[in-house]
Protein chains: 4
Amino acid sequence: MKKVAIIGASGFSGEELVRLLLSHPYAELCALTSRQYSGQTVAQVFPRFAHHPRAKTARFSEPNAELVAKQAEVVFLALPHGVAAEYAVALLRLGCRVIDLSADFRLKSAAVYKEFYSHDHPAPALLKSSVYGLPEIYRSQIKDASLIASPGCYPTSILLPVIPLLRGGLIRPTGIIADSLSGVSGAGRKVELDYLFVECNESVRPYAVPKHRHLSEVEQELALAANTPVTIQFTPHLIPVNRGILTTLYVAPAVHFARGIEPGAPTVASGAAVPPATSPEAVVTLESLAQKIADCYESAYGNEPFVRLLQGQALPDTKNVAGTNVIEIAWRLDPRTGRLILMSATDNIVKGASGQAVQSFNIMCGFPETAGLL
Amino acid sequence: MKKVAIIGASGFSGEELVRLLLSHPYAELCALTSRQYSGQTVAQVFPRFAHHPRAKTARFSEPNAELVAKQAEVVFLALPHGVAAEYAVALLRLGCRVIDLSADFRLKSAAVYKEFYSHDHPAPALLKSSVYGLPEIYRSQIKDASLIASPGCYPTSILLPVIPLLRGGLIRPTGIIADSLSGVSGAGRKVELDYLFVECNESVRPYAVPKHRHLSEVEQELALAANTPVTIQFTPHLIPVNRGILTTLYVAPAVHFARGIEPGAPTVASGAAVPPATSPEAVVTLESLAQKIADCYESAYGNEPFVRLLQGQALPDTKNVAGTNVIEIAWRLDPRTGRLILMSATDNIVKGASGQAVQSFNIMCGFPETAGLL
Amino acid sequence: MKKVAIIGASGFSGEELVRLLLSHPYAELCALTSRQYSGQTVAQVFPRFAHHPRAKTARFSEPNAELVAKQAEVVFLALPHGVAAEYAVALLRLGCRVIDLSADFRLKSAAVYKEFYSHDHPAPALLKSSVYGLPEIYRSQIKDASLIASPGCYPTSILLPVIPLLRGGLIRPTGIIADSLSGVSGAGRKVELDYLFVECNESVRPYAVPKHRHLSEVEQELALAANTPVTIQFTPHLIPVNRGILTTLYVAPAVHFARGIEPGAPTVASGAAVPPATSPEAVVTLESLAQKIADCYESAYGNEPFVRLLQGQALPDTKNVAGTNVIEIAWRLDPRTGRLILMSATDNIVKGASGQAVQSFNIMCGFPETAGLL
Amino acid sequence: MKKVAIIGASGFSGEELVRLLLSHPYAELCALTSRQYSGQTVAQVFPRFAHHPRAKTARFSEPNAELVAKQAEVVFLALPHGVAAEYAVALLRLGCRVIDLSADFRLKSAAVYKEFYSHDHPAPALLKSSVYGLPEIYRSQIKDASLIASPGCYPTSILLPVIPLLRGGLIRPTGIIADSLSGVSGAGRKVELDYLFVECNESVRPYAVPKHRHLSEVEQELALAANTPVTIQFTPHLIPVNRGILTTLYVAPAVHFARGIEPGAPTVASGAAVPPATSPEAVVTLESLAQKIADCYESAYGNEPFVRLLQGQALPDTKNVAGTNVIEIAWRLDPRTGRLILMSATDNIVKGASGQAVQSFNIMCGFPETAGLL
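Here's what I pulled together on the structure shown here. Keep in mind it's a predicted model, so treat the numbers as computed, not measured. (Residues numbered from 1 in each chain as written. Chains lettered and ligands numbered in written order. Predicted model: local features only at pLDDT ≥ 70, side-chain atom pairs only at ≥ 80, totals over all residues. Heavy atoms only, no water.)

**Some points on the relation of the copies chain C and chain D**
In plain terms, the rule: The copies were overlaid by least squares, fitting only the C-alpha atoms of residues that reach a pLDDT of 70 or more in each copy. The criterion used for residue contact is that any of the two residues' heavy atoms lie within 4.5 Å.
The two copies are related by a screw operation: chain C maps onto chain D through 180° of rotation and 0.0 Å of translation along the axis, at an RMSD of 0.0 Å. The two molecules are tied by a two-fold rotation axis, judged by turn and shift. Residue by residue, 98% of the interface of chain C is reproduced at the interface of chain D, so both copies engage with the same surface.

Following this line, the structure appears as structure tokens:
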């Protein structure tokens, strides 16, 4: 059993951490803090967990790094960016391991942080040692990390489908487009007009076009995978569901392809984003390219407990991942345009936030990676 | 007053036609047919219209072209594709003007029809004379047409934002991507597992990837606007709202641009879909390009009663067009990628189907174009 | 044409008044006020009306009774209770006719007002002359009123089904229960945690049990209909729809009844709320009682343009009244319990608020009662 | 470990049984059958469970009692009524213990079954030995039962709040009203027009008024608790959520009460359903009655793991029980009417169906009652 704490447990991610850690077979939730709910029990603040045996005794306290450090070995931070860094600095100094769900330690460059978050980074010295908590990509670094920067929800839905293809050289690093649809919990528990039921129900809308903050971590990680700078297009939309992100990605295969014909045949993709093939040899069959993509994903994720590679006609659907730590991935080659379309579905609060943080926790502590997550 | 009829009035488009034509100041709804509801009144079949003075007397009859032609001068067809053509042929021969909401007469090429709809076109001789009923583009041809092929819902949401820019030479005809989100009514009143409440609520999913039927009419119309063949990428998604389509389009400006600097400066769009500028002269400022785009839209749609060009920070939202014949359009230039993002919102049943059909009807009859639609 | 104004036009009721009055054939919307939006146009504040010809010129101003009185003959107040009274006093003094959508003038007793609204009534002298704006009940008084107290949404859904039966002596005035389900817009445009999308979606909950404020006006009006004091049970619930109230009422017929047997037979309603019949003569057949109820409703509402008495197997459904000024009413006799169940469906913002206010306006001005409402 | 099987695993209840039993610490899911999905794996049929380690190997087979009996000791039946009885008879004969989620064995009287289900009971001999699987009421009988009739969703939401009060003599057995709101999954996975997304979303409606089938088991169980025949009023409504039942109950305390005054003071409940107090001694204070009710519930449910007695201002909310086996119960005395209002919230598929069935299973097998349910 590992003693854990949650600082900032009153938002959606914090609430989900409470759910996951209360039921975790190897975690003992020793402290949870919230300015707003200090003094109240979990049962009072989150009635939906009130039937859990520990909900009536687990009590929120004021956030205090010293006190928390005395009680817990691993601390989850579910705080706004900027605020999280302060606690992380103190807790690390006090010997805790820290899993931060905010954006504070996701970027390696303090300059990029300032560009996207509009203020100086509060603890730039820690950027080097923090590990981006995407287990499928950074499992070995997570194991020994003292500071995990758990990824954002949109980045998770984009990076997992794209990174293996970039690493494998199967797609070009240029021209990538990510079109994402997020449930309303993605905005956090913000009491603002835009997130009222009547404003969201029977409504669909894009927002933060064209420069959402999550671009910064996505481009950093794609650049590492591609070994070259990457600039992507990203458009988030708000849709009337509680949970879930559906991301559709448009990427260009590194080679030209054509359906059902011999390698070397001319492609028909007159409207494609892909520049024309410069020689007949550059063209492969759709079937052979499809096999390479399938192999690439199988090799990257075939044994991953939380990545579901869809087969046959199946396409991702957020209802199939809601409440789970799973990401569904499907893809289609379009011989008409020469493009590859990638699609993913995740629960923004689980695989996109708290579930992924617990997955990192399991790795850090040497527990089975699926502990508390199935 | 013009005598009108609706054939196939029991689906969502038919129901909306009933609503619009019952209240239309210059239309007299003389006949409406439905195999399923023959003999029943509008009040019985559509309780939501039952308070309309005519709902208790207007009665569904069996579909019969001869009988309908005796009662009405203009006939709306809200039938499945394939079936619509049969009625259109008969009604035109009997002297009616026909507004067809199906896909049967939207394509100029019977071969393309067969490719996308998987059967021979039932009346290819009529393809030449039919007019694609997109009033903002084909107003003058609609005026005298005897056969209107009213556009599909997705095509409307794509074509209206793109055509003016293609016509104006402001964007490239290659590499266009349309990512669309549709309410469930877009699937029609189909009693299938996929459209049950529990399967759609708290769910978001792509479908028909990568070759949806609507591609055929979109590409035909874009090619006419660009004066060159056009192949686009199109991904539809189903979202849990009753009505509304939100389309996000990714297009490449015909010129390179850069923010806030002199024309001729190097662009920063390393990850853009747009090939690198071949000479400094090919680069314009973001501001000057933005002005050209604004002018292009203003010139195309400044006087259009149903096109709302959003200003300032506003972005389209389906809740602002639900129940109306309006399309909202906004756009953003992204200096990071060199792309232009277009966004539109429509009601799939009104501007995407029945409202647009009534708009064509108004033009055909010389009525004010907004009659019955405001 | 009558010159009208709206004071407090930024909430849901105000917004709906804007919609209805912009399109009203005999109303000229001369002024609309809102502290929050002063200076902005209707097109800016309510994008969904932006395509209306007048939306770009109609501009919100600061609320000022003197200025408004110079511009308008009839003024709609869509203000919080307490605030509305202040404007009503001033506007009446300045010669305007006032239609108040708040609760301020619905009660005849200042003492009851204080009991339910927790502060002294701000203008008790006006309580006598104000008319409760339920057109189906008070049409003749509305005609000449200078101050209309437009009913609340829950009261409308309860009073219209119950009053004719009470007046006709067909039901007992004791033991009435109203169980109501309201869409979230019923809470007003309040930016509070309870009304966030994620808190309301996939949630159903009662609130304000057992003493909701609307009880006061319901009991006042039922007492007038019954000519005796009436105390009812009322439980409101919040359900995840934007609009609509579904009310189910449990009442006791004034006589005992039994199915399909002779008058005078013993009733089987062992578990009924209705006390046992004291003599065989007090028992009627279900069929004869059903006929009396049907006749009573037909006589009360057979010619009402906005009351839909459902026939056959049909039961009320909020989707059939959403966006309309219609109330649907159905009823069932239950021979097992001896009770009568009444059910109604309305749009809380239209028949439950702004549509009903416009209906009163039409009556006051001698316009067709359905003007602008069909 | 106990070997279990599910017959009819393709509906909503069956799907939830699959979820619960796959993760159950002491159950081994050895067989699951479905005519429709025979041959497919759990991962194929229910993508949302596909990440479970056993989902790719667990395979649906044709329903065959002999084969199932060879594999499993306890069999869950998630079949339509009428069909379930056939399998139950066969399985019991083959030595299995059976937990039936249908209505087939809930009623003790074959005549009442015929009245409500419109056909002869297929196995009346088993009615005597079957146990109504409401663990909080029949725990000791469940322990040794070979045939469990697991309760319906509406009955669970009604019986748990009412039975302790009836048993304790605190309320009258006459005049009880239950007003219930159910999510759409309550209708089962029926592919019918009424349950399409567009027909349910933005809609609320009553149905099956006034004689729903579930009345039969509710009245049977209430009569047993009251030791006298009971007839209740029950109105179900359909609301646009996936899961959840909110039930509001109106009952009459056995004694008169009045707020804050001495016992014996006259009650003010002029409109109450409760007959006037016949003597001053019959009147108690609200406070003392409230204490008795609280004590009664505490005594009945204070140690129940799945009953949550709400305290203070809290009222039930389906979102707090969705996905759990918990029932939330709250109550309010209304001194204005003399009534007691009971409110409950459950997940219709868990506590209202499959979770409750697993709770019975745990009891039958001597496992901790919460095993697999927290």
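**Quick word on the relation of the copies chain D and chain B**
Expressed as a screw operation, the relation of chain D to chain B combines 0.0 Å of axial shift with a rotation of 180°, fitting to an RMSD of 0.0 Å. Most of the interface of chain D is mirrored in chain B, where 100% of its interface residues again form contacts.

**Some thoughts on the sheet that holds strand β14 (residues 307-309) of chain D**
Residue and element names in this part refer to chain D. We count it as follows: By this definition, two strands are paired if DSSP reports at least two bridges between them. Think of it this way: any DSSP run of H or I at least four residues long counts as a helix, any run of E at least two long counts as a strand, and we number them from the N terminus. Here, axes are lines fitted to C-alpha atoms. For helices the fit covers the stretch in contact, and angles between N-to-C directions go from 0 to 180 degrees.
Reading across from one edge, β9-β10-β8-β11-β16-β15-β14 is the order of the 7 strands in this open sheet, with mixed pairing throughout. A strand with exactly one partner marks an edge of an open sheet, and here the two such strands are β9 (205-206) and β14. Relative to strand β15 (residues 327-334), β14 runs parallel, the two sharing 3 bridges. Counterpart to V307 in the pairing with β15 is I327. Sheet strands touched by helix α7 (residues 153-167): β8 (177-182), β10 (233-238), β11 (245-251), β15 and β16 (339-346). Its angle to β11, the strand with the most contacts, is close to 35°.

**Some words on the pairing of strand β2 (residues 27-33) of chain C**
All names here are of chain C. The following threshold applies: Residue burial is assigned from relative accessible area. The probe radius is 1.4 Å, only protein chains are included, and a residue is buried under 20% of its type maximum, exposed over 50%, and partly exposed in between. A right-handed crossover is one whose linking path, passing over the helix from the first strand to the second, runs clockwise when the strands point away from the viewer.
Among the 7 residues in β2, 5 count as buried, and that is most of the element. Note: strand β1 (residues 2-7) against β2, 6 bridges, orientation parallel. Looking at the pairing, A5 lines up with A31 of β2. Handedness of the β1-helix α1 (residues 12-22)-β2 crossover: right-handed.

**Quick notes on a nonpolar patch on the surface**
Using the following cut-off: Like-charged residues within 9 Å of one another, or nonpolar side chains (Val, Leu, Ile, Met, Phe, Trp, Tyr) within 5 Å, are grouped into patches, provided each residue has over 30% relative accessible area and no salt bridge. The accessible surface values rely on the Shrake-Rupley method and a 1.4 Å probe; as for residues, cover is taken only from the protein chains in view. Whenever Lys or Arg places a side-chain nitrogen within 4 Å of a carboxyl oxygen from Asp or Glu, that contact is recorded as a salt bridge.
Taken together, the side chains of V191 and L193 of chain A together with V191 and L193 of chain C define a hydrophobic patch exposed on the protein surface, amounting to about 260 Å² of accessible area. One can find L193 of chain A in the loop between β8 (177-182) and α8 (197-200).

**Quick word on the sheet that holds strand β2 (residues 27-33) of chain D**
Residues and elements named next belong to chain D. One open sheet holds the 7 strands; their spatial order is β3-β2-β1-β4-β5-β7-β6, and the pairing between them is parallel. At either end of the open sheet lies a strand with only one pairing partner, and these are β3 (60-61) and β6 (131-132). Bridge count for strand β4 (residues 74-77) against strand β5 (residues 97-100) is 4 bridges, and the pairing is parallel. Residue pairing for β5: V74 is matched across the bridge by R97. Against the sheet, helix α4 (residues 83-93) touches β1 (2-7), β4, β5 and β7 (147-149), its axis set at about 175° to β4.

**Digging into the interface of chain C and chain D**
To keep it simple, the criterion reads: What counts as buried area is the accessible surface, traced by a 1.4 Å probe, that two parts surrender upon association, with contributions from both included.
Counting residues at the interface gives 52 residues for chain C, matched by 51 residues for chain D. Between chain C and chain D, roughly 4200 Å² of surface is buried when both sides are summed, and carbon and sulfur atoms account for 55% of that area. When the area that chain C buries against chain D is broken down by residue, the three leading residues are E202, V204 and R336 of chain C, summing to 16%. Counting the contacts that link chain C with chain D gives 6 salt bridges. Broken down by secondary-structure element, the contributors of at least two residues to the side of chain C that touches chain D are β8 (177-182), α8 (197-200), β9 (205-206), α9 (215-226), β10 (233-238), β11 (245-251), β15 (327-334) and β16 (339-346) of chain C. Per-element tally for the side of chain C that touches chain D: the top contributor is β8 of chain C, with 4 residues.

**Considering the environment of I171 of chain C**
One can find I171 of chain C in the loop between α7 (153-167) and β8. Along the primary structure I171 of chain C and A252 of chain C are separated by 81 residues, whereas in three dimensions their C-alpha atoms are 5.6 Å apart.

**Notes on the interface of chain D and chain B**
Which entries qualify depends on this criterion: Polar contacts, as used here, are pairs of N or O atoms within 3.5 Å; protein pairs need one atom able to donate a hydrogen and one able to accept it. Residues neighboring in sequence count only if both atoms are side-chain atoms. Residues are sorted three ways: Asp, Glu, Lys and Arg are charged, Ala, Val, Leu, Ile, Met, Phe, Trp, Tyr, Cys and Pro are nonpolar, and all the rest, Gly among them, are polar.
At the junction of the two partners, chain D supplies 19 residues and chain B supplies 19 residues. Carbon and sulfur atoms make up 68% of the area that chain D and chain B hide from each other, which totals about 1700 Å². For E199 of chain B, the salt bridge goes to R189 of chain D, with nearest N and O atoms at 3.5 Å. At the junction of chain D and chain B, the tally comes to 6 residue pairs in polar contact (both at pLDDT 80 or more). In terms of residue count, helix α8 (residues 197-200) of chain D provides more of the side of chain D that touches chain B than any other element does, 4 residues in total. Split by residue class, the side of chain D that touches chain B holds 11 nonpolar, 3 polar and 5 charged.

**Comments concerning the nonpolar core**
Cut-off, in case you're wondering: Nonpolar cores were defined as sets of buried Ala, Val, Leu, Ile, Met, Phe, Trp, Tyr and Cys residues, with membership established by side-chain atoms within 4.5 Å.
Formed by 195 residues in total, the largest nonpolar core has its most connected members in F76 and L222 of chain C together with F76 and L222 of chain D. In this structure, L181 and V230 of chain A together with A345 and F361 of chain B belong to the second largest nonpolar core, which totals 193 residues.

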